[in-house]
Amino acid sequence: MSELRYDGRVAVVTGAGHGLGRQHALELAARGAKVVVNDLGGDRSGAGASAGPAQEVVDEIKKNGGEAVANPDNVATPEGAQAIVKTALDAFGKVDIVVNNAGILRDRSFKNMSVEEFDSVIAVHLRGSFLVSSAAWPHLREQGYGRIVNTSSPAGLFGNFGQANYSTAKMGLVGFTKTLAQEGAKYNIKANAIAPVAWTRMTEDLLPADFADKLGVEQVTPLVAYLVHDSNEDSGQVYTVGGGRIAKIFVAEGPGYGQKETLSVEDVRDNWAAIGAAEPLTVFGNVGEQMGPLIQQLTS
Ligand SMILES: NC(=O)c1ccc[n+]([C@@H]2O[C@H](COP(=O)([O-])OP(=O)(O)OC[C@H]3O[C@@H](n4cnc5c(N)ncnc54)[C@H](O)[C@@H]3O)[C@@H](O)[C@H]2O)c1
């Protein structure tokens with residue numbers, strides 16, 4: 001089989017100074033993409049800033065014969081997001097690929113979580129993905145080509161103790177991804193999301209130490225690279241990935257219960273098993289499709 005290449009493509013990878021983003025940037029550059037390596041360069045909680053991490057990754061890419069440019073801006077501000085995309089336009093003349101990866105953690109049990117801890121995490125993950133995608137969007141539309149990957153998390157899809165802020169942002173990215181996929185469809189813009197597991201500074205005290213060398217970031221990047229390749233036709237999908245395993249995650253609806261008469265509380269109680277039935281599941285492509293069973297009931 002032929003090697004997947006990205007020659008002629010320009011990629012923006014946010015939060016690419018460390019961890020997963022760094023690996024995505026290295027891999028895309030090694031396969032011919034011109035890469036904007038964005039990183040604010042703060043610590044795991046988002047405190048501080050440094051141009052060093054992004055520049056180090058750019059130096060590494062160049063040493064390996066690739067093309068890249070560093071950007072130290074903050075994804076969470078409109079000016080920062082615009083500057084990140086402008087870096088791509090100034091250096092390489094366009095943008096084709098956006099990998100929204102930048103992230104921070106401010107874990108705290110919900111009882112003790114401050115508004116600042118909630119807002120700051122939403123700002124980087126959710127608002128940052130919105131802002132950077134938004135800055136790139138007119139260019140992707142105009143050229144009739146775009147590939148976006150948003151970085152969700154199993155913690156968002158399934159919940160995780162101490163991460164009310166983070167899981168809210170990460171599930172928000174699933175809705176964001178599905179809507180971008182629909183709005184981008186006629187412009188050949190594909191948007192997908194990943195829910196990774198990898199050993200990075202973000203997770204080194206959260207994941208079992210025994211798995212450190214089995215959960216390398218290089219086990220996540222191949223999915224990201226595939227999703228941003230020209231040949232990928234998938235859009236609006238979510239995949240979990242890590243440690244050599246990849247699976248698609250579905251938002252699905254059970255068969256449900258419906259009746260023509262006005263529902264009473266007792267009707268809900270008496271039909272609880274049917275309401276909660278998990279088989280057969282239906283995966284809808286958009287909210288119009290999801291309305292289908294209801295419309296059918298209303299019109300039958
Ligand atoms: N590692 C995992 O198991 C795991 C699991 C689920 C989701 N994720 C997600 O993957 C992404 C990458 O995480 P990682 O594990 O590589 O962590 P990491 O801390 O190594 O990398 C995150 C990077 O984002 C940068 N960053 C933070 N705020 C920024 C901002 N405002 N603007 C620009 N850059 C900023 C940081 O400087 C850092 O280099 C995150 O979105 C994270 O939530 C990771």
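Just so you know, these numbers come straight off a predicted model, no measurement behind them.

Q: So what about the pattern of salt bridges? Which residues, and what values?
A: Summed over the entire model, instances satisfying the criterion amount to 13 salt bridges. Arg9 is the salt-bridge partner of Asp96, the closest N and O atoms lying 3.3 Å from each other. Of the two residues, Asp96 sits in the loop between helix H3 (78-92) and strand S4 (97-100) while Arg9 sits in the segment before strand S1 (10-13), which places them 87 residues apart along the sequence. With respect to burial, Asp96 and Arg9 carry one shared label: buried. With its nearest N and O atoms 3.0 Å apart, the salt bridge here joins Glu116 to Arg106. Taken as a pair, Glu116 in helix H4 (residues 115-143) and Arg106 in the loop between S4 and H4 lie far apart in primary sequence, 10 residues in all. The exposure class assigned to Glu116 is partly exposed, which follows from its relative accessible area of 49%. By sharing partners, the salt bridges in this structure join Arg9, Lys94, Asp96 and Asp230 into a single network.

Q: Kindly report on the environment of Lys178, identifying the contributing residues and their values.
A: If you trace the backbone, Lys178 turns up in helix H6 (residues 164-184). For Lys178, a relative accessible area of 28% puts it in the partly exposed group. Between the C-alpha atom of Lys178 and that of Gly236, which follows or precedes it by 58 residues, the distance is 4.3 Å. Apart from residues no more than four positions distant in its own chain, Lys178 is found in contact with Gly236 and Val251.

Q: Give a description of the pairing of strand S6 (residues 189-196) that names residues and reports values.
A: Counting buried residues in S6 gives 8 out of 8 residues, a clear majority hidden from the surface. The alternating pattern of S6 places Ile189, Ala191, Ala193 and Ala195 and Lys190, Asn192, Ile194 and Pro196 on opposite faces, both of which are buried. Here 6 bridges tie strand S5 (residues 146-151) to S6, and the two strands are oriented parallel to one another. Each bridged residue has a counterpart across the sheet, and for Thr151 the counterpart in S6 is Ile194. Of the pairings in the sheet, the one linking S6 to strand S7 (residues 238-242) comprises 4 bridges and is parallel in character. Paired with Ile194 across the two strands is Tyr239, which belongs to S7.

Q: I'd like a rundown of the packing of H3 against H4, residues and numbers included.
A: For the pair H3 and H4, interaxial distance at closest approach is 9 Å and the crossing angle is 40 degrees. With respect to H4, the element H3 is oriented oblique. As for the relative orientation of H3 and H4, their crossing is right-handed in sense. Counted together, Pro78, Ala81, Gln82, Ile84, Val85 and Leu89 of H3 and Arg127, Leu131, Val132, Ala135, Ala136 and His139 of H4 form the full contact between these two elements.

Q: Give a description of the site of the ligand that names residues and reports values.
A: With respect to spatial proximity, 30 residues lie near the ligand, and among them Asp39, Asn74, Asn101, Tyr166 and Thr200 are the closest. At 2.9 Å, a side-chain N or O of His18 approaches an oxygen atom of the ligand. At 3.2 Å from a nitrogen atom of the ligand is found a main-chain nitrogen or oxygen belonging to Val75. For the ligand, the protein covers 97% of the area, taking 820 Å² as the surface of the free molecule. Mapped by element, the contributors of at least two residues to the shell around the ligand are helix H1 (19-30), H4 and H6. Residue classes in the shell around the ligand are distributed as 11 nonpolar, 15 polar and 4 charged.

Q: Can you lay out the UniProt feature "domain: Ketoreductase" (unreviewed entry) in the protein chain for me, pointing to particular residues and giving the numbers?
A: UniProt annotation of "domain: Ketoreductase" (unreviewed entry) refers to residues 9-205 when read in the numbering used here. Between the C-alpha atoms that bound residues 9-205 the distance is 36 Å, and the span itself is 48% helix and 16% strand.

The rules behind the values
- Residues numbered from 1 in each chain as written.
- Predicted model: local features only at pLDDT ≥ 70, side-chain atom pairs only at ≥ 80, totals over all residues.
- Heavy atoms only, no water.
- Salt bridge = Lys/Arg side-chain N within 4 Å of Asp/Glu carboxyl O.
- Helix = DSSP H or I, 4+ residues; strand = E, 2+ residues; numbered from the N terminus.
- Buried < 20%, exposed > 50% of the residue type's maximum accessible area, 1.4 Å probe, protein only.
- Contact = heavy atoms within 4.5 Å.
- Pairing = 2+ DSSP bridges.
- Axes fitted to C-alpha atoms, helices over the stretch in contact; angles between N-to-C directions.
- Parallel < 35°, antiparallel > 145°, perpendicular 65-115°, else oblique.
- Left-handed = near helix turned anticlockwise from the far one by under 90°.
- Near = heavy atom within 4 Å.
- Polar contact = N/O pair within 3.5 Å; in protein donor to acceptor, adjacent residues only side chain to side chain.
- Areas by Shrake-Rupley, 256 points an atom, 1.4 Å probe, with all protein chains shown as cover.
- Nonpolar A, V, L, I, M, F, W, Y, C, P; charged D, E, K, R; others polar.
- UniProt positions renumbered as here; feature names shortened; annotations may be inferred.

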